[in-house]
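Residues per chain, in single letters:
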Amino acid sequence: MLPSDRRWLARAFELASLSGRATAPNPRVGAVLAVGERVVGEGRHRRAGRAHAEALALAEAGEQARGATAYVSLEPCAHVGRTPACTSALVAAGVRRVVVGAVDPDPRVRGRGLEHLREAGVEVLLAEGEMARRAREVVEDYLVHREQGRSFALLKAAASLDGRIADREGRSRWLTGPEARRHGRRLRCRFGAILVGVGTALADDPLLLPPDGPKGGAFLRCVIDPSLRLDPGCRLLADEGRWSPVLVYTRDDGATAERRRALEAAGATVVPIEAGGKVLPVREILEDLARRDVLGVVIEGGGRTAAEFAAAGLLDKVHWYLAPRLLIDAEARPALAGGPFPLDRSWWGRIAQSQRLGDDVLLTVYPAPDRK
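This report concerns the structure included in the present document.

Reading guide: rules and limits
Residues numbered from 1 in each chain as written. Predicted model: local features only at pLDDT ≥ 70, side-chain atom pairs only at ≥ 80, totals over all residues. Heavy atoms only, no water. Axes fitted to C-alpha atoms, helices over the stretch in contact; angles between N-to-C directions. Helix = DSSP H or I, 4+ residues; strand = E, 2+ residues; numbered from the N terminus. Parallel < 35°, antiparallel > 145°, perpendicular 65-115°, else oblique. Left-handed = near helix turned anticlockwise from the far one by under 90°. Contact = heavy atoms within 4.5 Å. Nonpolar A, V, L, I, M, F, W, Y, C, P; charged D, E, K, R; others polar. Pairing = 2+ DSSP bridges. Salt bridge = Lys/Arg side-chain N within 4 Å of Asp/Glu carboxyl O. Buried < 20%, exposed > 50% of the residue type's maximum accessible area, 1.4 Å probe, protein only.

Another point: the packing of helix H1 (residues 3–17) against helix H5 (residues 129–138). Running from N to C, H1 and H5 point in directions that differ by 15°, and their axes come no closer than 10 Å. Between H1 and H5, the crossing angle belongs to the class labelled roughly parallel. Of the two elements, H1 crosses H5, and the hand of that crossing is left-handed. Across from Arg6, Leu9, Ala10, Phe13, Ala16 and Ser17 in H1, the residues of H5 making contact are Met131, Arg134, Ala135 and Val138. When the residues that make up the contact of H1 with H5 are grouped by side-chain class, the tally is seven nonpolar, one polar and two charged.

This is the structure in structure tokens:
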């Protein structure tokens, strides 16, 4: 891969990352058309059902696409869906060479796009190493959705240095500063759902809406509530959030029929899940969200809900906002409240990035499956 290949492929990643949840169930994709050191066309997929990144880049390039190199963050599709096949468009435009960040795991694509291009005489280069890793990171939620049949699970936690998310009275406003809070809210623009436990919903009475509102695409607000304790008059079910459905996951035991009717009358969708005990199987929640075309969900709390996903091995990524303060109280609310787990069963991760957000530090952590 030439230095110019890395530069323009990185630009394709950048374009793809500008897109948010509205592309679901499609992936975020960016495309760049270049002739030597000169870019002649760019595009990114913005919303499901609309033009793909490659088509937009080709339209901008026009006749300059002939003989150009196309840089695409994810393998171009070779099938006709709501839009034409991108591989056919690239071949018809006379593109000489295509550099691809990663293979699309969707069974309708999965290598067929690369094969189609090669059969048409187009030179194809697939990224390796660091560039391949960056390509997968752009669509990490889409990859989990397609490869595992469930939604990508991102844990978001704002904690003190001693691992507390609230004081003993449940007060947490504001543990972190405004920069960290804005960063955390913007995650809702990227992922199609947010999930909290009923304890958090009762204590905070949050709206859980994304800052970009309906224009950013469909967004689900989810509550794990095994005994249906959620108040039908809560802010989650207020008129201002009616565009964003509320899903309440509960036990499928018929013991709460009256409360279920009250919540449904208030606008919630109650989703019963078969459970052997008080704890709902969180994998089934992620699988249900995947069937609803949610590529990724932000898990916001509280400590018990976070621990259930961690214990099940279903955290794909962690955003840990670390505030430089100590609550110094054994009764303060912990960021994870589960277990007990011995040291040799603890959750291992690898810190991929750390960054300052005002006075706070954001740690981006991925699971480390090779650690025992």
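And the narrative resumes.
Let's shift gears to the sheet that holds strand E3 (residues 69–72). Through backbone hydrogen bonds, the strands of a sheet pair up, either in parallel or in antiparallel fashion. The five strands are arranged E2-E1-E3-E4-E5 in an open sheet whose pairing can be described as mixed. Strand pairing shows two members of the sheet lacking a second neighbour, strand E2 (38–44) and strand E5 (123–126), which therefore form its edges. Across the sheet, the mean angle from the axis of one strand to that of its neighbour is 15°, orientation sign disregarded. Taken together, the four bridges between strand E1 (residues 30–35) and E3 define a ladder with antiparallel strand orientation. From the neighbouring strand, alanine 31 faces E3, where its bridge partner is valine 72. H1 contacts E1, E2, E3, strand E4 (97–100) and E5 of the sheet and is inclined by roughly 150° relative to E1.

Our focus in this paragraph is the pattern of salt bridges. Applying the stated rule across the entire model yields 23 salt bridges. Here arginine 97 and aspartate 5 are joined by a salt bridge, their closest N and O atoms 2.7 Å apart. Of the two residues, arginine 97 is situated in strand E4 and aspartate 5 in helix H1; the sequence distance between them amounts to 92 residues. On the basis of relative accessible area, arginine 97 is assigned to the buried category, the value being 11%.

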